[in-house]
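Summary of structural features
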Amino acid sequence: MIDRSLWALDVLVSEGYHYDSSIYPIRHDRYGIPGWQRHIHLVTRQGGALWELPGSTIRLFGANLPIGGGGYFRLLPYGWTRNGFRRLNDVEKRPGIFYIHPWEIDPGQPRINVGALSRVRHYHNLHKTEARLKRLLDEFKFGSVSDVLAAHQHQAVA
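Not measured: the values here are computed from a predicted model.

Conventions and cut-offs
- For every chain, the first residue of the written sequence is number 1, and numbering continues from 1 along that sequence.
- pLDDT decides what is reported in this predicted model: residues at 70 or higher carry local features, side-chain atom pairs at 80 or more are listed and counted, and totals for whole chains, interfaces and linings draw on all residues regardless.
- Hydrogens and waters are ignored; side-chain quantities use all the structure's heavy atoms.
- To obtain an axis, a line is fitted to C-alpha atoms, over the contacting stretch when the element is a helix, and the angle between two such axes runs from 0 to 180 degrees between their N-to-C directions.
- What counts as a helix is a DSSP run of H or I of at least four residues, what counts as a strand is a run of E of at least two, and both are numbered from the N terminus.
- In this scheme, roughly parallel covers angles under 35 degrees and roughly antiparallel covers those over 145, while 65 to 115 is roughly perpendicular and the rest are oblique.
- In this scheme the handedness of a crossing depends on how the near helix is turned from the far one: anticlockwise by less than a right angle means left-handed, clockwise means right-handed.
- In what follows, residue pairs with any heavy atoms lying within 4.5 Å of each other are defined as contacts.
- When residues are grouped by polarity, Ala, Val, Leu, Ile, Met, Phe, Trp, Tyr, Cys and Pro land in nonpolar, Asp, Glu, Lys and Arg in charged, and all others, Gly among them, in polar.
- The salt bridge definition used is simple: a Lys or Arg side-chain nitrogen within 4 Å of an Asp or Glu carboxyl oxygen.

Things to note about the packing of helix H4 (residues 78-91) against helix H6 (residues 126-139)
Relative orientation of the contacting elements H4 and H6 amounts to 20 degrees, with a least axis distance of 11 Å. Viewed along their axes, H4 and H6 adopt a mutual orientation that is roughly parallel. Viewed along their axes, H4 and H6 form a crossing whose handedness is right-handed. Residues Tyr78, Thr81, Arg82 and Arg86 of H4 lie in contact with H6, whose contacting residues are Arg132, Arg135, Leu136 and Glu139. For the contact of H4 with H6, the residue count by class is 2 nonpolar, 1 polar and 5 charged.

Here we look at the pattern of salt bridges
Tallied over the full model, the rule gives 7 salt bridges. A salt bridge links arginine 45 to aspartate 10; its shortest N-O distance comes to 2.8 Å. Of this pair, arginine 45 sits in strand S2 (residues 41-45) while aspartate 10 sits in helix H2 (residues 7-14), placing them 35 residues apart in sequence. Lysine 134 is paired through a salt bridge with glutamate 130; the nearest N and O atoms lie 3.6 Å apart. Remark: glutamate 130 and lysine 134 occur in helix H6; sequence separation between them is 4 residues, near one turn of the helix. Overlapping salt bridges bring together Arg38, Arg87 and Glu92 as one network.

Structural data, given as structure tokens:
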């Protein structure tokens, strides 16, 4: 999977991007690179380098388990995300990288006739997502990517 996907980083570097957050270090049937580093790191490619900010995971039972948002935020209990971010922040002393798609806070979106798995992945708990997101924003401090990278680089120098 790694060799088939990393060409995209070359394109980002060639287009002048300085950071990316598209690699999720998990095992999934449609995406992910399970062996990828779990935390912020510099990726050097032939054409240059960029910072990778992978979706947040916790390491449990020998596997990286997702806590960084998207469908996992909707499908799993809110406490999974909260406890995972607490572990990252308080135990691992790392920032969490969280993402959400705009459609995930719109329970009134049009429904497309899809199979059962896609229906669960895309529509389950849409009615809960906005309230969960507000709660997460109240419980944790968030910053911009530039702020997180500046703090990371400062810690690396110190």
